[in-house]
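In case you want the letters, here they are:
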Amino acid sequence: MVTVQPDQAQDVIEQPVFPDPDDVLARSYGLSGEIMPIVGNPQAFTFAYDDLSYRLDFTDDEAERARFQHQADVLDSLIERQDLVQGPLPIRDTYDAFVVPLKTEEGETPCWARLLRLPDGAALAGDKATSSSEARALGQFAARLILALETEEPGEDGEQPPSLTSARDLRQAGPTVVKLLRAVGDSSVRDPVAKTMVAALRQIQPIGPQLRVRTVHHQPVRAEVLGENVDGGWRPTSFTSADALGEGWIAASLAALCADLIVSGDTNILDFLPAVTGFHQELPLVEEELKALWPLTLIRIGLLRAKAEHEAVFAESDETLSARQQARDLFARATAVHPAFMDAAILDAVEWPNEAAPELGLLLPEIDADAIRVVDLSVTSPLFAEGNWQDPDIDWRLLARIAWDSRMGATRFGEYRFSRAEAAVGQEAENFALHVDLCVPAGIVAVAPMGGIVHLVENRLVLVAKEASLYLEGLDSVLADGTALFAGDRLGVVAGSDGAVGGLRIRICRAADLLPPLFAPARYARLWSRLVLSPSLLFGRDLDAPSASRQPLARGWQDAVFDGQGRSFVDLSGAAGLLGHGNADMAEAAYRQWMTLAGLQDTQAEADFRAALRSLLPDGFEILTLTDEASAMAMAETLAAQFSDDVKMLVIADERRDGLGRLGTSLWRFEREETMPDIIVTGSPVPGEALAAIVVKAAYAAIETPPAAVLPGAVACRVGCAVLDTLGGGAIRERAGATALYLGEQLQKIGSWMPDLLTVEGEGLAVDLLLPDESLSSFDLARQLAAHGILVPRPQSGDRLELTAPLCLTRKSADRLTEALVAVLLKLRPEAGSFDAVDEKAAAPEAEPA
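To start, this report covers the structure provided alongside it. (Residues numbered from 1 in each chain as written. Predicted model: local features only at pLDDT ≥ 70, side-chain atom pairs only at ≥ 80, totals over all residues. Heavy atoms only, no water.)

## Details of the pairing of strand S28 (residues 568-571)
Alternating positions in S28 separate into two faces, Ser568 and Val570 on one and Phe569 and Asp571 on the other, with burial throughout. Where strand S27 (residues 560-563) lies against S28, 3 bridges are found, and the strand directions are antiparallel. When the sheet's bridge partners are listed, Ala560 is paired in S28 with Val570. Between S27 and S28, which follow one another and run antiparallel, lie 4 residues, and Gly566 among them has a positive phi close to 90°. Where S28 and strand S35 (residues 790-791) come together, 2 bridges link them in parallel fashion. Paired with Asp571 across the strands is Leu791, a residue of S35. (Buried < 20%, exposed > 50% of the residue type's maximum accessible area, 1.4 Å probe, protein only. Helix = DSSP H or I, 4+ residues; strand = E, 2+ residues; numbered from the N terminus. Pairing = 2+ DSSP bridges.)

## With respect to the packing of aromatic side chains
Tallied over the entire structure, the rule returns 13 aromatic pairs. Their ring planes at 65° and their centres at 5.8 Å tell us that Phe384 and Phe418 sit as a pair that is edge-to-face. Here Phe384, found in the loop between strand S12 (373-374) and helix H11 (394-402), pairs with Phe418, found in the loop between strand S13 (409-410) and strand S14 (430-433); they are 34 residues apart in sequence, far enough to count as distant. Within the aromatic cluster, the residues linked to one another by ring pairs are Phe384, Trp389, Phe418, Trp557 and Phe562. Across the ring face of Phe331, the terminal group of Arg305 is positioned such that the distance to the ring centre comes to 5.1 Å. (Phe/Tyr/Trp six-rings, centres within 6.5 Å; stacked < 30°, edge-to-face > 60°. Lys NZ or Arg CZ within 6 Å of the ring centre and 35° of its normal.)

## Let's talk about the sheet that holds strand S30 (residues 652-655)
One open sheet holds the 4 strands; their spatial order is S29-S32-S31-S30, and the pairing between them is mixed. Across the chains shown, the open sheet's two edge strands, defined by having one partner strand only, are strand S29 (621-627) and S30. Taking each pair of neighbouring strands and ignoring which way they run, the sheet shows an average axis angle of 20°. Strand direction decides the pairing type here: strand S31 (residues 679-682) and strand S32 (residues 692-697), joined by 3 bridges, are antiparallel. Note on S32: the bridge partner recorded for Val681 is Ile694. (Axes fitted to C-alpha atoms, helices over the stretch in contact; angles between N-to-C directions.)

## Considerations on the pattern of salt bridges
Inspection of the entire model under this criterion finds 50 salt bridges. One salt bridge connects Arg328 with Glu309, and the closest N-O pair in it is separated by 2.7 Å. Residue Arg328 is located in helix H9 (residues 318-335), and its partner Glu309 is located in helix H8 (residues 287-314); the two are separated by 19 residues in the primary sequence. According to the relative accessible area criterion, Arg328 is partly exposed, its value standing at 24%. The shortest N-O distance in the salt bridge between Arg800 and Glu761 comes to 2.8 Å. In this pair, Arg800 sits in strand S36 (residues 800-804) while Glu761 sits in strand S33 (residues 759-763), placing the two residues 39 residues apart along the sequence. On the basis of relative accessibility, which here comes to 38%, the residue Glu761 falls in the partly exposed class. One continuous salt-bridge network, built from bridges that share partners, spans Asp376, Asp395, Arg412, Glu415 and Arg417. (Salt bridge = Lys/Arg side-chain N within 4 Å of Asp/Glu carboxyl O.)

## Digging into empty space enclosed by the protein
Scanning the model with the defined rule gives 1 cavity of 30 Å³ or more in all. Counted as a void, the largest cavity has a volume near 30 Å³. Along its surface, the largest cavity is lined by Leu572, Leu743, Leu765, Ala766, Val767, Leu803, Thr804 and Ala805. Only strand S34 (766-770) and S36 provide two or more residues apiece to the lining of the largest cavity. Grouping the constituent residues of the lining of the largest cavity by class yields 7 nonpolar, 1 polar and no charged. (1 Å grid on protein atoms, 1.4 Å probe; cavity = no way out; pocket = protein on both sides within 12 Å on 5 of 7 lines; lining within 4 Å. Points joined across faces, edges and corners; volume = space filled by probe spheres on them. Nonpolar A, V, L, I, M, F, W, Y, C, P; charged D, E, K, R; others polar.)

## A closer look at the packing of helix H13 (residues 584-596) against helix H16 (residues 714-729)
Contact pair H13 / H16: the axes reach a minimum separation of 8 Å and the direction vectors enclose 150°. In this structure, H13 meets H16 at a crossing whose hand is right-handed. Facing Asp585, Met586, Ala589, Ala590, Gln593 and Trp594 of H13, the residues of H16 in contact are Ala714, Val715, Arg718, Val719, Ala722, Val723 and Thr726. Looking at the contact of H13 with H16, its residues break down into 9 nonpolar, 2 polar and 2 charged. (Left-handed = near helix turned anticlockwise from the far one by under 90°. Contact = heavy atoms within 4.5 Å.)

Structure follows, in C-alpha cells:
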C-alpha cells in the first residue's frame, strides 16, 4: 500500500471504467481475439487476429479523442509513403470512422475507442550493445520518418491544420521535470537533475528560434522500432507507437535516439555518433541544431531520470527500482563528460567545418621565435634508436639536448609521440600531443596574448577569455586569482634561476572551463583538434607536427612494427626474420660492408657466410649454392628427381620456416629424425635476401647444377653472418625455446576450447592455424587479427593461416595473440563461454574416485 502525501494527491487520478473491449471489437470492428492489457496503461490492450497484431485504446477525454483523430489522419497519410517508413495502420469501424464513439448510459461520461494494426518486423536484440551500423541505420530511419510525416496540406481556407501534440515534446521539458521532481523529497537526488536541466535549457534558449519545428516522432528508439534482417544485418522499417507523434523540434527526435543508444552502449559514450551521421545524411541538420543536440540529449536523459525517480516513489517494486538504477547510471555517464567535448564530437561526426582560429598576440615577445629548435619525437624520428623511446624521461632528454645550443627548443603540437605508443592490452595508446613543451631562458617575460581573467589552479596559471582559455605551467607570477588583464599585460616570468633554462608547458582550449588532456588517443585526435588550439598562434611560427596516417608502417623493433601514429603490431608475418626488427648487430654489419664493398657476388663476405652456416650443420654436408628460398626448393626438387631416375630416393629436409632455431627445442627439425636427409634447404636468415642454401651430403657435392637466377650480394652475406653469429651463442635460442613452449600451450588451449573453429598444426615459433568451419576464413581472420594488433602474412588458402615469429618474441606478445584470437572466436560463438574457464578447468585437480 502506498500512502499518498497531501502534496502528492494531485498526481493520483481515479481511473475511469470503459466498455468491455471484447464487445467493442465485435460490435464496432467485427474482430475477436485474446485481449491482453498493456502493463502500466489500463486504457490500452493488444490482441492478435488472423496472424496480425492490433492495439485498442480507450479515452474519455475530449482532447485525447481529438489527438486520436489527428494521429489517425497522419498515420493514414503515411500509407502513400511506405517506401520511406511504415507505421501503425488506423482501422475504420463499420461506420468508416477512425475514432469510435461508444454508447454510454445517460449521465455517464462519453468515451471513445480507436484501433491500430501494428506493423510486422523484428525487434533489435536488446541484450547487447547496438553496433555502429545498426545505430547509423536507426538515425537514417528517424530522419526518413520526419520526411515522411511532411504530408499535411493546408485546409481549403489556406490555413494550416491544428498541430498534433505529444506528451514527449521536449519544448515542454521544463514544466514536466518540475512536476516529476516535486514528489522526490531527497534533495541530493533532486538537485543534480534540476541543475543539469536548467543548464541545458539555458543553452537551448538563445538558439531555440533557429530550431526547425516539424511533425516528428518523439521516440524513434530501439523499443519502438521494428525492422528486417538483411544480409546478416538489421535494417529498421517501421515504428510501433502513435502516441509519440507530434509537433516538435527536429533535433529533439534525434536526441531521444541518442539518449537511448547511450543506454545500450558498452563503455564508450560516443557510440551514438553513427546515428547522428546517418540522420544528417538523410536530413541535413543546420548548425544550430547540431549545437543543440547534446543539450537536448541531456534534457531527454534528465526527464528519464526524473520519471524513474517519480515512479519509484509512488510504486516501489523490483521493476521500478531497477528502472531507477538504470536511469541513474545513464544520467551519471552523460553528465560525467564535458558538454563542449560532446558538442565537438557531434560536429566532427558530420564533418562540420572547423571554426576559424582567433587572432592572438605573442606570449613571449622578448624572444626570437625563429631561433626555437623543434624536436622530432614522432615514430620516424632519427633520435630514436635501439628502444631508447621506452625511457620514460626520453622526451625531456631529447628536448634538452636539441635546445642546448640556442637555449630554446620546443616539442610539436599534434604529434603522435612514439615514446607514448605503448598501451596496456585491450587499451588504446594516448600519444597525440595536445600541448607544447618549451625550453627558454629563465626570467623571460610572458604577456597576455588576449584580454581575460586570471585564475590560479594548482600549479597552473589560467587566462580565461572570450576567444579561448590559456593554460600555462612553469610560470612565476605575482598576479592574484581573479585579476583582469588586457592583451599585452604582464603575466609573469619563466621560472628558474638566473642563467638557467626554464620549461614552459602550454595548452589552449576554445571552451572556457575545459582543461584538455596532455595527450589523446588517435581516434579522438580530430575531435580534440576542434577544441584545442595550437600554441603556434602565440609565437608567430609553426610548431605543429606534419599530419601522420596509420598507413604505411613506419618502424620496426624486435617482434613489433609501428604505423605512422605509433600503433604497434606483433609481427608474425615472417618479415621480422630471426632476430627481429632494428637489430643493432645486423645494422652495423650492413653499414661496415656497404662502406667496404657492396653489390657484388663471390666476395669474402659470401665465403664468411658459407663458413658460418657450415659450422651450424652436421658433419658430412656441403653447401651447394645460395639463392632465394623459392628457387632453392625448386632446385633441390630437381636434383632429387635426377637421382630418383637412377633408382635412388633422396630425402629433402625443408628447413625454410622451422630451421635455425624456430622450433625452440632444436636448431634443425631433421635433428629429431632417425635418418639424416640427403638434401637440406635452409631459409634465409635475412628476410627478403637470397641467402637460402641448398645443402647436400658430401657425396653429392660435386654434382653440377645450373647457376641460380638470384644470388646474394656482399652486404646481405655480411648481415647474414651477424645473424648466424648470434644464433651460435645459444642464449637467444634458449629464450626462444621458453617462449615457444608457452605459445604452443596457449594455442593448444584455444584449439581445445573451440575445435570446430580452429585447430593448430606445427610447433615452436612457426605454426599454422587451420580453420575447418566456413564461417571463418583465413582472410577474415587475418583482417580481424590486424584490427587487434597482430600482423600475419597474406593467406595462401582460405582454411590455413601461417604464423612465423622471430626468436625474440616475448611472452607479452604471445599473450596479445592469444587475446586477439579469443576475441575473434568469441565474436563468432559468444555462447562458448569464457576462455579463462579453460585455464581454470585445466588447473583444477581431478576429483578422487568415490
